[in-house]
Amino acid sequence: MRKISIFGATGSIGQSTIDLIKRAPQLYQVVALTGGGNIAQLAADAIALRAQLAVTAYEDQLPALQAALDGSGVEAAAGQAALIEAATRPADWIMSAIVGVAGLAPGLKALEQGTTLALANKESLVCAGELLLKTAKQYGARLLPVDSEHSAVFQGLVGEEISAVERIVITASGGAFRDWPLEDLKKATLAQASSHPNWDMGQRITIDSASMFNKALEVIETREYFGVEPDQIEVLVHPESLVHALVGFHDGALMAHLGAPDMRHAIGYALHWPERRDLPVARLDLASVGQLNFRQPDLARYPALAQARDVMRRRGLMGAVFNAAKERALDHFIAGSIRFTDMAEITARVLEQIETQSSLIDSAMTLDSVTQIDHIARKAADVAAAQSIG
Ligand code: NDP
Ligand code: MG
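These numbers were taken from a predicted model, which means no experiment stands behind them. (Residues numbered from 1 in each chain as written. Chains lettered and ligands numbered in written order. Predicted model: local features only at pLDDT ≥ 70, side-chain atom pairs only at ≥ 80, totals over all residues. Heavy atoms only, no water.)

Draft legend 1. The arrangement of the pattern of salt bridges in detail. Summed over the entire model, instances satisfying the criterion amount to 31 salt bridges. With a shortest N-O distance of 2.9 Å, Lys22 and Asp45 are connected by a salt bridge. Here Asp45 lies in helix H2 (residues 39–48) and Lys22 lies in helix H1 (residues 12–22), a separation of 23 residues in the sequence. Judged by relative accessible area, Lys22 falls into the partly exposed class, the value being 42%. The salt bridge involving Lys215 is made with Glu149; its shortest N-O contact spans 2.8 Å. (Salt bridge = Lys/Arg side-chain N within 4 Å of Asp/Glu carboxyl O. Helix = DSSP H or I, 4+ residues; strand = E, 2+ residues; numbered from the N terminus. Buried < 20%, exposed > 50% of the residue type's maximum accessible area, 1.4 Å probe, protein only.)

Draft legend 2. Representation of the packing of aromatic side chains within the structure. By the definition in use, this model includes eight aromatic pairs. Arranged with centres 6.3 Å apart and planes meeting at 45°, the rings of Phe154 and Trp273 form a pair that is tilted. With Phe154 in helix H7 (residues 148–156) and Trp273 in the loop between helix H11 (263–272) and helix H12 (286–289), this pair connects stretches of sequence that are 119 residues apart. An aromatic cluster of three or more residues is present, and its members are Phe154, Tyr225, Phe226, Tyr269 and Trp273. (Phe/Tyr/Trp six-rings, centres within 6.5 Å; stacked < 30°, edge-to-face > 60°.)

Draft legend 3. Highlighting the site of ligand 1. Near ligand 1 lie 25 residues; those nearest to it are Thr10, Ile13, Gly36, Gly37 and Glu123. Within the contact set of ligand 1, an oxygen atom lies 2.8 Å away from a backbone nitrogen or oxygen of Gly37. Compared with its free state, where it exposes 900 Å², ligand 1 has 85% of that area covered by protein. Mapped by element, the contributors of at least two residues to the shell around ligand 1 are H1 and helix H6 (122–139). Considering only residue class, the shell around ligand 1 consists of 12 nonpolar, 10 polar and three charged. (Near = heavy atom within 4 Å. Polar contact = N/O pair within 3.5 Å; in protein donor to acceptor, adjacent residues only side chain to side chain. Areas by Shrake-Rupley, 256 points an atom, 1.4 Å probe, with all protein chains shown as cover. Nonpolar A, V, L, I, M, F, W, Y, C, P; charged D, E, K, R; others polar.)

Right, here's the structure in full:
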């Protein structure tokens, strides 16, 4: 039996992972499941999967978790230290699906036990790609991509040398506002930004798809994970979301990965890698699809894409600054205190300010320096958000 843990088990990726596990529970021994505020879901899955341990990230939720697990034999724990401890429990495969930079510390800890880490938490690669890859190498751990585009590229590279790659193209649906008149974007509401044309995902990544902050993070993720140069990475708007990525080789061949927009494909590929096993995803019928459309992204509509280029040019801790500013800007948009278009203005201001004014930006990348610059960028984003009100 394979020992597995799922970080962010109560979220969209976590629940899709659990769906796959529940289809063949005899193959897995579940070590730890972690969540945040959704105690009922966390406890129900921990009991159903006979997990050893369930952890909520929030200390004040411990009594509720203990009550929900009472008599089940599942251990309950809470807080950051408990999350880290859960990541040290031996497992053969660990899903990293916490949302945001909060996934970084447990992910690093998991790598230190030399395990296979299935990485949905793209923010940790954006903030600390160099550190994650170095840690994986040092401890003989393996990082497998779960983001659909990166899984697609990874699959396109099987049997190929990265040196044979000329370019990597990741696709973007264009999000909720792909066809809106530009001048209407500043009036976009939270409800409108929270609905995705093709994918069913967590709220934060859905809004990040509308603004293309998600794609901006993914461009950086591509650079960090595959080690290609920034100008080898392209973004193509593809409204159908059926082609997830393309790998272009030096001989002119362009290999595309197609599939239904269902994260259980990428999760299942990482779960069964290096094998392929049957997965419960819809099979594409291209004759009934009929047409696939592609177009260049409009950089005026999606300023985050150009910002990602600046971040890659600067590298080091700039990714952590970008992500932190983006996370805070998104918090403010969700809270209703800023407009949709203010988010990219805030990240631009914070990037500029920290690059020119903070000496910390040149520090070596450690969990400490990433955490410090993350705090500084969050504060700067809060100030910028307060200035954009009114
Ligand atoms: P969700 O918001 O649906 O779930 C996030 C998970 O993280 C939940 O389990 C949540 O707990 C938990 N969580 C939230 N805040 C914290 C915190 N501070 N500390 C610890 N745990 C926390 O997100 P998604 O599943 O959509 O996304 C997860 C990750 O996967 C993200 O990095 C995202 O970018 C990436 N991803 C997601 C895709 C998707 O299709 N959804 C596609 C590709 C990548 P609770 O809900 O109990 O509060
Ligand atoms: Mg993606």
